[in-house]
Amino acid sequence: MLTAAETEKNGKKMITESLSEYSLDANTLPEGFRLPPPEDEEAEEFFVNIGPQHPSTHGVLRVVVRLNGETVVEVVPHLGYIHRSIEKMAENQTYVQNIHLSDRLDYLSAFSNNLCLCMAVEQALDIGVPERGEYIRLIICELQRLQSHLLWWGVLGMDMGAFTTFFYGFRERELINDLFEELCGARLTVNYFRPGGSSVDVPETFIPRVKHLLNIMPKVLDEYSNLLNKNIIFLERTKNIGILSPEKALSYGSTGAVLRGSGINYDVRKNDPYSIYDQFDFDVPLGSVGDSYDRCQVRMEEMAQSLRILEQAVARFPSGPHRSQPQQNYKLPKGSYYSQVETPRGLLGVYIVSDGGAKPYRLKYRSPNFSNLNVLNELAAGHKVADLITIMSTLDLVIPDIDR
Amino acid sequence: MGISSSGASVLVRQAGELIEQAPGGIKLVDAVELVVAWGRANSVWPLVYATSCCAIEMMSTIAAKHDLARFGYEVMRASVRQADMIILAGTINEKMAKNLVTLYEQMPAPKYIIAMGSCAISGGPFYYDSYYVIKGGDRLVPVDVYIPGCPPRPEALIQGILQLQEKIKKEGRRNPWKVRETLQVPFEDIFSKAQAEWASREKQRDEESREAREQFKRENAASPASKPVRVKKEEFPVVPSRKPAAQGISNWTLLQMLQEKFPAIEVYSHPGITPKQVAELGPDYILDLVVPSEQYRNFAEYVRNEQSLGLDMLIQLTCVDWKDSFDIVVQMLSCRDGHKLFFRSRAEKDPATGDAEIATISDLYLGAEWHEREVYDFFGVRFRNNADLRRIFLENDFPGYPLRKDYDDPTRVVKRPY
Ligand code: SF4
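Thresholds, definitions, all that
Residues numbered from 1 in each chain as written. Chains lettered and ligands numbered in written order. Predicted model: local features only at pLDDT ≥ 70, side-chain atom pairs only at ≥ 80, totals over all residues. Heavy atoms only, no water. Helix = DSSP H or I, 4+ residues; strand = E, 2+ residues; numbered from the N terminus. Buried < 20%, exposed > 50% of the residue type's maximum accessible area, 1.4 Å probe, protein only. Near = heavy atom within 4 Å. Nonpolar A, V, L, I, M, F, W, Y, C, P; charged D, E, K, R; others polar. Contact = heavy atoms within 4.5 Å. Buried area = accessible area lost by both parts, 1.4 Å probe. Salt bridge = Lys/Arg side-chain N within 4 Å of Asp/Glu carboxyl O. Polar contact = N/O pair within 3.5 Å; in protein donor to acceptor, adjacent residues only side chain to side chain. Pairing = 2+ DSSP bridges. Axes fitted to C-alpha atoms, helices over the stretch in contact; angles between N-to-C directions. Arc of directions from axis to C-beta. Right-handed = clockwise from strand over helix to strand, strands pointing away. pLDDT = per-residue confidence, 0-100. Phe/Tyr/Trp six-rings, centres within 6.5 Å; stacked < 30°, edge-to-face > 60°. Lys NZ or Arg CZ within 6 Å of the ring centre and 35° of its normal.

## Description of unusual backbone geometry
Residue Cys-150 of chain B is joined to Pro-151 of chain B through a cis peptide bond whose omega torsion reads -10°. Within the fold, Pro-151 of chain B resides in the loop between β4 (145-147) and α6 (154-169). Its identity is not glycine, yet Ser-85 of chain A carries a phi of approximately 60°, on the positive side. When you line up the elements, Ser-85 of chain A lands in the loop between β3 (71-78) and α2 (86-90). The exposure class of Ser-85 of chain A is buried, given its relative accessible area of 1%. In this model, Asp-67 of chain B sits at a positive phi of 50°, which is unusual for a non-glycine residue. By the element assignment, Asp-67 of chain B lies in the loop between α3 (53-62) and β2 (85-89).

Quick look at the structure:
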């Protein structure tokens, strides 16, 4: 067994100098903070760094919090700890090769990301999708929404100190993951949709298995809302915490459950329908206060609505071909193209600028999480530091999507 | 776990050495060591260190179905000072690298690293073309077990953990845990090298199988030729594309309203087009306007304040590098009615430095501030009066602006060979 001293002898010296980077004199604020020093003599202000390696930041977000006692004064997020240069890489890969990179943005909504990119290509080349292909897309995207929300729900409980939800949430999520695996061989980074449909047809067992899932899920959702969402601790820690006004939500460009929790009725599936969402009956749940509780309730209700969509889709699932294009590469005519979808986390946009070649000249992902994180300071200021963790959890952030 | 060099353990070591010298004592010490190794192998405490996609599979491994607790690994620690193993689950980039090394050095020895997934092994999908991803965790910290996959399945992670257990069980006084060196190899285009090797191997295999086939034919001259297998050809239906229904205010009306106020604006890539002709571009065409840069801010302000336009949300603000100038593209959406409007302004490049400047709109849209910071970070376009124009993703001392077309940094980037 080695000691620290021996480690030092054998290896490099410890990197403790890096600490000096963070040392500040009393009069300068750390990067990004704006509020003037407090006038109140009693105020005990100090700065706390959370992350990038921290279990509650869902990955590698780093936030620096300015606290007065235990109350949050200001929060400054620092990004880039998982920046992977996907947009630069995209410029050297063909459109079909880019699909696999889109998986890795927001890996919990990989199918939606695939879909958005494929839709932009389809729009540029006027490619249609056969009916079965559209149904596959819709069913899978809704399943994805379910599994993503289940994960969110599990981790939400964990962030409030209840480990139980984590195990429950993952129990049903595994069922959905198994479906994905049977479909395309991958559980997470799926690389499944193609312009004109999907890469392979669904197996015969697919629809029966979705039906089985639909039998289980309503009961499970009831159980879950009894388990956590009526729990007094949960209510105390979410009601009237982290209120986002509708005007602020719009001005920051936040989307998804964050926007709808603030009462603004915008869901791309409903307001700008893509694929075949316009043929289905579902409601868009809305919050009224815009607090953490509303965001949670919106997501819980969205799961129920996804089940509704799935039920209709499974009942009408057509036969026929699943794609209209062979596996091939595409050249997009010169110009710019934009498509958007509603991922489990909000509005994802793909903006392609093409110079007429087989590779995009510029490919920009409009990431929902990027704009959703931007509201963090608005939400957390004035609350306790423990509430900051819950608020981050109700924003449902996936950091690699922010950093791209 | 983690035996320190405190007085007690020195005593234990000395006692062990004494017993070892006694007749038959060596067997006793061996037996004790076996028990200790078994205990150590089954009680490793991993650090919660999850950076990206692979982390989700790590969570699945801990969760109900795969249940990592069966192997004594469930005590995930949030502080590295209480842990003795890091599972590198996900990509590591330059900004994170320093943190990872610090974490490793803070961990009490003996300590272990599992590289989970191809990113942690070699940079994986981000090996080529990425200017920011570290090409393998073992360039930073010594890795004990590599688990291939993108992401590896939970079973693979469990397999990797069992491998680590085997490794720990083999440690003892004859084979103590040691600090190992990190990998120090330059990165290069491994694909082209490997491709050449595969090609030569393939050629050799082709030759062998041709010989085998001929031999088979010679020996079985009488047998009938086998029927060729026919694969059913897939038919691709001709499907008309679905045109989304027009939402909200039509492009025609939008253009009319805006041109009244700003006569200098044009439709992008359709110069001189009239509102009527815009209507002919179809309902799925998104109006894309070119605004003279001196009017850019006023235009944005007008769009925000004019309620009848209904454009209440900024989708994003981004930039396109046209080699001699930048286009700042602003994309607006009406949550109320559903129509969209894009507009762009040119920011001329300074021929010497390639930098450019344009007015900010971050005071009009709160969300624009971060978008502008992103554009500044990637393209080096400065936004006049943006209150907080710092780099957003990259470190402050990162050289160059990576999304510019002329960006090239051979110390970071391996060019994709295909
Ligand atoms: S190996 Fe694949 S799944 Fe894992 S972090 Fe890297 S890209 Fe994501």
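Moving on from the coordinates now.
## Side note on the site of the ligand
Surrounding the ligand, one finds 14 residues, the nearest of these being Arg-104 of chain A together with Cys-53, Cys-54, Cys-119 and Cys-150 of chain B. Residue neighbours of the ligand fall on chains A and B, so the site bridges chains. Looking at the shell around the ligand element by element, the count peaks at three residues for helix α5 (residues 117-122) of chain B. When grouped by side-chain class, the residues that make up the shell around the ligand number seven nonpolar, six polar and one charged.

## Focus: the interface of chain A and chain B
In this assembly, 104 residues from chain A lie in contact with 105 residues from chain B. Together chain A and chain B conceal approximately 8,800 Å² of surface at their shared face, both sides included; 58% is due to carbon and sulfur atoms. Here chain A is connected to chain B by seven salt bridges. In this structure, Lys-340 of chain B engages Asp-272 of chain A in a salt bridge whose closest nitrogen and oxygen atoms are separated by 3.0 Å. At the boundary of chain A with chain B, the tally comes to 29 residue pairs in polar contact (both at pLDDT 80 or more). The element contributing the most residues to the side of chain A that touches chain B is helix α6 (residues 164-184) of chain A, with seven residues. Of the residues contributing to the side of chain A that touches chain B, the split by class is 45 nonpolar, 33 polar and 26 charged.

## Notes on the pattern of salt bridges
This structure, assessed with the given rule, holds 48 salt bridges over all chains. Here Glu-174 of chain A and Arg-187 of chain A are joined by a salt bridge, their closest N and O atoms 3.2 Å apart. Of the two residues, Glu-174 of chain A is situated in helix α6 and Arg-187 of chain A in the loop between α6 and β4 (193-194); the sequence distance between them amounts to 13 residues. A single burial state applies to Glu-174 of chain A and to Arg-187 of chain A, both of which are buried. The shortest N-O distance in the salt bridge between Arg-187 of chain A and Glu-57 of chain B comes to 2.6 Å. Residue Arg-187 of chain A is located in the loop between α6 and β4, and its partner Glu-57 of chain B is located in helix α3; the two belong to separate chains. The exposure classification of Arg-187 of chain A matches that of Glu-57 of chain B, with both residues buried.

## What to know about the sheet that holds β2 of chain B
Residue and element names in this part refer to chain B. With parallel pairing, four strands are arranged side by side in an open sheet as β1-β2-β3-β4. Looking along the sheet, the strands with just one partner apiece sit at the ends: β1 (46-47) and β4. As paired elements, strand β3 (residues 112-116) and β4 share three bridges and run parallel to each other. Its bridge partner lying in β4, Met-116 is registered against Ile-147. Running over the sheet, α3 touches β2 and β3 and is turned about 125° from β2.

## Re helix α10 (residues 296-305) of chain B
All names here are of chain B. When α10 is considered as a whole, its buried residues turn out to be Tyr-296, Phe-299, Ala-300, Tyr-302 and Val-303. Along the axis of α10, the buried positions cluster into a sector of 160°, meaning they face one direction only. In this structure, the buried residues of α10 make contact with α8 (251-261), β6 (288-290), β7 (313-321), β8 (325-333), β9 (340-348) and β10 (356-359).

## Thoughts on the pairing of strand β11 (residues 381-384) of chain B
Residues in a regular strand project their side chains so that they alternate between the two faces of the sheet. All names here are of chain B. A one-sided burial pattern is seen for β11, the buried positions being Val-381 and Phe-383 and the unburied ones Arg-382 and Arg-384. As defined by bridge partners, β10 adjoins β11 across four bridges and the pair is classed as parallel. Counted as the bridge partner of Ala-359 is Arg-384 from β11. Once the chain exits β10 it traverses helix α11 (residues 368-379) before rejoining the sheet at β11, and the crossover so formed is right-handed.

## Here's the deal with the confidence of the model for chain B
All names here are of chain B. Averaged over every residue, the pLDDT of chain B is 83; residues scoring 70 or more account for 98%. Counting interchain partners and residues more than four positions distant, the pLDDT-below-50 stretch residues 1-5 has 11 contacts. Note on the complex model: pTM 0.86, ipTM 0.87.

## What to know about the packing of aromatic side chains
For the structure on display, the rule yields 34 aromatic pairs over all chains. Consider the rings of Phe-166 of chain A and Phe-167 of chain A, whose centres lie 5.5 Å apart with planes at 70°: the pair is edge-to-face. Overall, the relative accessible area of 2% leaves Phe-166 of chain A in the buried class. Members of the aromatic cluster, connected to one another through ring pairs, are Phe-262, Tyr-296, Phe-299, Tyr-302 and Phe-343 of chain B. Above the face of the Trp-152 of chain A ring, Arg-299 of chain A is positioned so that its terminal group lies 5.1 Å from the ring centre. One Lys or Arg, Lys-405 of chain B, reaches over the ring of Tyr-361 of chain A and ends 4.0 Å from the middle of that ring.

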